[in-house]
Amino acid sequence: MDDRIQVTLDNGVADVRLVRTDKMNALDDRMFQALIDTGERLKTDKGVRAIVLSGDGRAFCAGLDMGNFAKMASGERRGGAGLVTPKRTEGGSNHAQHAVMVWREQTVPVIAAIHGVAFGGGFQLALGADIRFVTPDVRMAVLEIKWGLVPDMAGLVLMKRLVRDDVARELTYTGRVFNGEEAQRLGLATRVCADPRAEALALAADIASKNPEAIRAGKRLLDFAPDADQHAILLAESQEQGALIGSPNQVEAVKAAMENRVGVYAD
């Protein structure tokens with residue numbers, strides 16, 4: 001899928017780049033499949049400790065390919081029951097939803113570096129990351145209403161954890177475009193920066209230098225906590241910590257901190 005996505009791995013950081021630059025990395029069938037295939041492959045790569053997801057060219061991702069909307073307008077493409085009851089993943093995603101959720105399901109942190117535009121499906125793809133770095137002038141939108149549709153690529157699952165209910169509703173009902181500064185104020189962006197990819201790669205390198213077992217445990221806890229009750233969260237904290245204390249990588253982390261050096265960890 002190197003005509004849609006390119007991946008390089010350097011010191012535990014997987015640099016994942018959408019490279020359909022002539023179409024502003026728009027989502028066609030091959031891009032959906034490339035996102036899923038790449039994400040599933042990275043899940044099983046023990047050498048990956050952090051992931052940066054970005055888009056080459058003028059944009060992060062412009063959303064659904066315009067050809068799909070042309071088919072809808074002509075009546076050639078219909079949804080119907082096929083969207084409701086196709087084969088779904090264990091997590092409940094259909095094919096398009098899994099292109100986003102596969103990034104949230106990574107065992108390591110995913111940082112999205114967003115510039116240009118992130119509209120519709122592209123915006124939802126950004127939400128699949130743990131962390132989002134954006135340029136001040138990026139343009140983002142829950143754009144589906146423009147085409148008479150609703151967000152259907154896990155956007156509602158992910159937005160509800162980031163913004164107030166009324167904010168999610170306003171963005172969904174209007175499809176209005178907002179910039180990076182507003183995205184950060186709303187809680188949809190983590191950091192506004194001039195060069196999101198450079199800062200994302202630097203953060204990923206920092207994460208990759210830590211005990212990978214502790215990073216994965218932290219991600220499991222953070223994924224678990226929003227939908228769990230207090231007792232379950234407290235128990236999960238204890239279980240994760242109990243598994244870490246005294247493990248070889250945790251011992252190495254203590255030694256490295258005491259000796260003021262970078263830790264050397266086993267995958």
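Look above for the structure.
Scope of this entry: the structure provided in the associated data block. (Residues numbered from 1 in each chain as written. Predicted model: local features only at pLDDT ≥ 70, side-chain atom pairs only at ≥ 80, totals over all residues. Heavy atoms only, no water.)

1. A short note on the nonpolar core
Core analysis: the largest hydrophobic core is formed by 47 residues, its most contacted members being Leu35, Ile51, Trp103, Ile114, Met140 and Leu188. Elements supplying a minimum of two residues to this core: strand E2 (13-18), helix H1 (29-43), strand E3 (50-55), helix H4 (95-104), strand E4 (110-114), helix H5 (121-127), helix H6 (155-159) and helix H7 (165-174). With 6 residues, H1 is the largest single contributor of residues to this core. In this structure, Val13, Ala113, Cys193 and Ala204 belong to the second largest nonpolar core, which totals 11 residues. (Core = buried A, V, L, I, M, F, W, Y, C linked by side-chain atoms within 4.5 Å. Buried < 20%, exposed > 50% of the residue type's maximum accessible area, 1.4 Å probe, protein only. Helix = DSSP H or I, 4+ residues; strand = E, 2+ residues; numbered from the N terminus.)

2. Regarding the side chain of His98
Along the chain, His98 falls in helix H4. Ignoring any residue separated from it by four or fewer positions in sequence, one finds His98 in contact with Ile36, Glu40, Lys43, Thr89, Ser93 and Glu105. (Contact = heavy atoms within 4.5 Å.)

3. Overview of the sheet that holds E3
A sheet is described by the order of its strands in space; here 6 strands give the open sequence E1-E2-E3-E4-E6-E8, paired in mixed fashion. This sheet does not close on itself; its edge strands, each paired only once, are strand E1 (5-10) and strand E8 (191-192). Note that E1 and E2 share 6 bridges and pair antiparallel. Its bridge partner lying in E2, Thr8 is registered against Asp15. (Pairing = 2+ DSSP bridges.)

4. A look at the packing of H1 against H4
Contact geometry of H1 with H4 gives a least axis separation of 9 Å together with a crossing angle of 35°. Note on packing geometry: the crossing formed by H1 with H4 is left-handed. Taking contact as the criterion, the partners of Phe32, Gln33, Leu35, Ile36, Thr38, Gly39, Glu40, Leu42 and Lys43 in H1 are, on H4, His95, Ala96, His98, Ala99, Val102 and Trp103. Considered class by class, the residues forming the contact of H1 with H4 number 8 nonpolar, 5 polar and 2 charged. (Axes fitted to C-alpha atoms, helices over the stretch in contact; angles between N-to-C directions. Left-handed = near helix turned anticlockwise from the far one by under 90°. Nonpolar A, V, L, I, M, F, W, Y, C, P; charged D, E, K, R; others polar.)

5. Examining the pairing of E3
Within E3, 6 of the 6 residues are buried, which leaves it mostly tucked inside the rest of the structure. Along E3, one buried face is formed by Ala50, Val52 and Ser54 and the opposite face, lined by Ile51, Leu53 and Gly55, is buried too. The pairing of E2 with E3 spans 6 bridges and is parallel. Paired with Val16 across the bridge in E3 is Leu53. Looking at chain direction, E3 and E4 are connected through 4 bridges and run parallel. Bridging from a neighbouring strand, Leu53 pairs with Ala112 of E4.

6. With respect to unusual backbone geometry
Unusually for a residue other than glycine, Met24 sits at a positive phi of about 55°. Along the chain, Met24 turns up in the loop between E2 and H1. Residue Asn25 is not a glycine yet carries a positive backbone phi of 60°. By secondary structure assignment, the location of Asn25 is in the loop between E2 and H1.

7. Quick notes on a nonpolar patch on the surface
Among the surface-exposed residues, Met66, Trp147 and Leu149 lie close enough to one another that they form a single nonpolar patch of about 280 Å² accessible area. Looking at the element boundaries, Met66 is found in helix H2 (residues 66-74). (Patch = residues over 30% accessible without salt bridge, like charges linked within 9 Å, V, L, I, M, F, W, Y side chains within 5 Å. Areas by Shrake-Rupley, 256 points an atom, 1.4 Å probe, with all protein chains shown as cover. Salt bridge = Lys/Arg side-chain N within 4 Å of Asp/Glu carboxyl O.)

8. A closer look at the pattern of salt bridges
Applying the stated rule across the entire model yields 21 salt bridges. Asp65 is paired through a salt bridge with Arg20; the nearest N and O atoms lie 2.8 Å apart. Of this pair, Asp65 sits in the loop between E3 and H2 while Arg20 is found in the loop between E2 and H1, placing the two residues 45 residues apart along the sequence. The residue Glu199 makes a salt bridge to Arg191 at a minimum N-O spacing of 2.8 Å. With a relative accessible area of 29%, Glu199 lands in the partly exposed category. For Arg191, a relative accessible area of 35% gives the class partly exposed.

9. Let's talk about H7
Those residues of H7 not exposed but buried are Val167, Ala168, Leu171 and Thr172. Looking straight down H7, one finds its buried side chains confined to an arc of 125°; they lie on one side. More than 90 degrees from the buried face of H7, the exposed residues found are Asp165 and Tyr173. Backbone geometry just after H7 places Gly175 at a positive phi near 70°. (Arc of directions from axis to C-beta.)

10. So, the environment of His95
Counting through the fold element by element, His95 comes out in helix H4. The exposure class of His95 is partly exposed, given its relative accessible area of 41%. Along the primary structure His95 and Thr21 are separated by 74 residues, whereas in three dimensions their C-alpha atoms are 23 Å apart. Setting aside residues no more than four positions away along its own chain, His95 makes contact with Phe32, Gln33 and Ile36.

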